[in-house]
Amino acid sequence: MARRQNIRLTLAYDGGGFSGWQVQPGRRTVQGVLEEAIAELTGEATRVLSAGRTDAGVHALGQVASFRTSATIPPEKWRPALQARLPEDVVILESAAVDDDFHATYSAVSKRYRYVLRESRLDDPFLRRYVWRLPPPLDGEAMHAAAQPLLGTHDFRCFETDWPNKASSVRTVLDVQWRRVQAWPVWSPRPLGQPPLADDSRGEFLVFEIAADGFLYNMVRAIVGTLVNVGRGKWPVDVLQQILASQDRSRAGETAPPQGLYLASVEYETPLPRATEKREIEGDE
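Residues numbered from 1 in each chain as written. Predicted model: local features only at pLDDT ≥ 70, side-chain atom pairs only at ≥ 80, totals over all residues. Heavy atoms only, no water.

(A) Region of the structure containing the packing of aromatic side chains. As enumerated under the stated definition, the model contains five aromatic pairs in all. Aromatic pair phenylalanine 102 and tyrosine 268: ring centres 5.0 Å apart, planes at 50°, arrangement tilted. With phenylalanine 102 in the loop between β4 (90-97) and β5 (108-119) and tyrosine 268 in strand β10 (residues 261-268), this residue pair connects regions lying 166 residues apart in the sequence. Tyrosine 268 carries the same exposure label as phenylalanine 102, and that label is buried. With 5.0 Å between their ring centres and 80° between their planes, tyrosine 113 and phenylalanine 215 make a pair best called edge-to-face. Of the two residues, tyrosine 113 is situated in strand β5 and phenylalanine 215 in the loop between β9 (205-212) and α4 (219-231); the sequence distance between them amounts to 102 residues. A relative accessible area of 10% means that phenylalanine 215 is categorised as buried. (Phe/Tyr/Trp six-rings, centres within 6.5 Å; stacked < 30°, edge-to-face > 60°. Helix = DSSP H or I, 4+ residues; strand = E, 2+ residues; numbered from the N terminus. Buried < 20%, exposed > 50% of the residue type's maximum accessible area, 1.4 Å probe, protein only.)

This is the structure:
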C-alpha cells in the first residue's frame, strides 16, 4: 500500500475576514477554508495542523500547516491546486513533502510575531485593518528599553488571558525589539519624484518583533499593550521587571487589538525542502 504523504504548506493570510485559524461551527476560519479546499480537490476529509492558532483578525506572513493525504499529487503541485480553490485572502507561498514525524505544531522550535503601530492622529482607510493607530507622541526608544527584560526564560502568566491555558506558562524569549520605520512609498501621498524620507527616526510606524520557543494566549498583544503605556510616558521603563515578578495579569496593560498582529515566521530544527524539489513517497504510515 502506498504511503500517505505528509504535506507542509507555508501560507500568508489577511485575518480580517476570519474568526481565527481554528475551525468553529458556523464561522469562517482559515483552517476551515483550507480543509474545504483539500476535500474539494481530493475527496478526503483531512485535518490540517498549524504552527500557531491565530485569533480573529490576526494576520500571517509565514504560517506553517501540515496534513496527511492518500492523494498522489506531487508535493510541489499542491500549492497551485489548492490556491485555485481558496479565497483571495489566503495565499499558499509554497508546498513540500516532509518526513512522517513532522508536525506543524509540535516540531516547531520557535515562532516570530510582529506587531505594527501607526503613530498618527488620523486614520488611513488603506491601513486601518492592518495596524493599531495611536496618536503621538510615542517614545520608541523607551519601549525598546522596557522590553529587554523579556529576554530569557520566565513565567509569562502575567501576560496570558484567562491563565492557565497551557500546562506551563514558562517560555523562553529569544529576541525582542522595537524599531521605527517609514511607510512604503507607494502608499504615501508624496509625489514619486520626491525622495522618501531618509531618516527612519521620523517614520510613523513602530514595529515590535518578538521570537520565542512558544507563546501563551494573547501574550504578544498583552505585552504590546503594556509597552504602549511606557511609550506614552504613563509607566516607567523598568515596569516589565515588576510585572514579571508579580505574575499578576491585572498589573500589565490592556490587550492590544488584533489587527496589528502578524505571525511572521516559524523555525524548525531541520531545514525543509523547497516546494520545487521532488521526493519519492513510499511505504505505509
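(B) Representation of the nonpolar core. Within the largest apolar cluster, 71 residues are counted, with the highest numbers of intra-cluster contacts made by Leu117, Phe159, Phe208 and Val224. Broken down by element, this core gets its largest block of residues, eight residues, from α4. Among all residues touching leucine 117, those that are not within four sequence positions of it are Trp132, Leu134, Leu138, Met143, Trp178, Glu204, Phe205, Leu206, Val224 and Val228. With six residues, the next largest nonpolar core counts Val116, Val131, Phe205 and Val207 among its residues. (Core = buried A, V, L, I, M, F, W, Y, C linked by side-chain atoms within 4.5 Å. Contact = heavy atoms within 4.5 Å.)

(C) Just the pattern of salt bridges, in detail. Taken as a whole, this structure holds 13 salt bridges when the rule is applied. Across the salt bridge formed by glutamate 209 and arginine 112, the nearest N and O atoms sit 3.0 Å from each other. Placement of glutamate 209 in strand β9 and of arginine 112 in strand β5 is noted, with a sequence separation of 97 residues between them. Using a relative accessible area of 15% as the deciding quantity, one classes glutamate 209 as buried. By sharing partners, the salt bridges in this structure join Arg112, Arg114, Asp175 and Glu209 into a single network. (Salt bridge = Lys/Arg side-chain N within 4 Å of Asp/Glu carboxyl O.)

(D) Inspection of the environment of valine 98 at higher detail. Following the sequence through the fold, valine 98 ends up in the loop between β4 and β5. Valine 98 sits in the buried class, given a relative accessible area of 6%. Counting along the chain gives 23 residues from valine 98 to proline 75, while the straight-line C-alpha distance between them is 9.2 Å.

(E) Representation of the pairing of β10 within the structure. Among the eight residues of β10, six are classified as buried, and the element is accordingly described as predominantly covered. Examined bridge by bridge, strand β3 (residues 59-69) and β10 share two bridges and lie parallel to one another. The residue of β10 that forms the bridge with alanine 60 is leucine 263. By the bridge criterion, seven bridges tie β5 to β10 in an arrangement that is antiparallel. If you follow serine 110 over to β10, its bridge partner there is glutamate 267. (Pairing = 2+ DSSP bridges.)

(F) Expanded view of the packing of helix α3 (residues 140-147) against α4. α4 packs onto α3 with a crossing angle of 130° between their chain directions and a minimal axis gap of 8 Å. By the angle class used here, α3 and α4 are oblique. The hand of the α3/α4 crossing is right-handed. Judged by residue contacts, Ala142, Met143, Ala146 and Ala147 of α3 engage Leu227, Val228, Val230 and Gly231 from α4. The residue makeup of the contact of α3 with α4, split by class, is seven nonpolar, one polar and no charged. (Axes fitted to C-alpha atoms, helices over the stretch in contact; angles between N-to-C directions. Parallel < 35°, antiparallel > 145°, perpendicular 65-115°, else oblique. Left-handed = near helix turned anticlockwise from the far one by under 90°. Nonpolar A, V, L, I, M, F, W, Y, C, P; charged D, E, K, R; others polar.)

(G) Molecular detail of the confidence of the model for the chain. The share of residues in the chain with pLDDT of 70 or more is 88%, and the mean pLDDT across the chain is 90. Predicted confidence for residues 272-285 stays below pLDDT 50, and this span has 32 contacts to residues more than four positions away or in other chains. (pLDDT = per-residue confidence, 0-100.)

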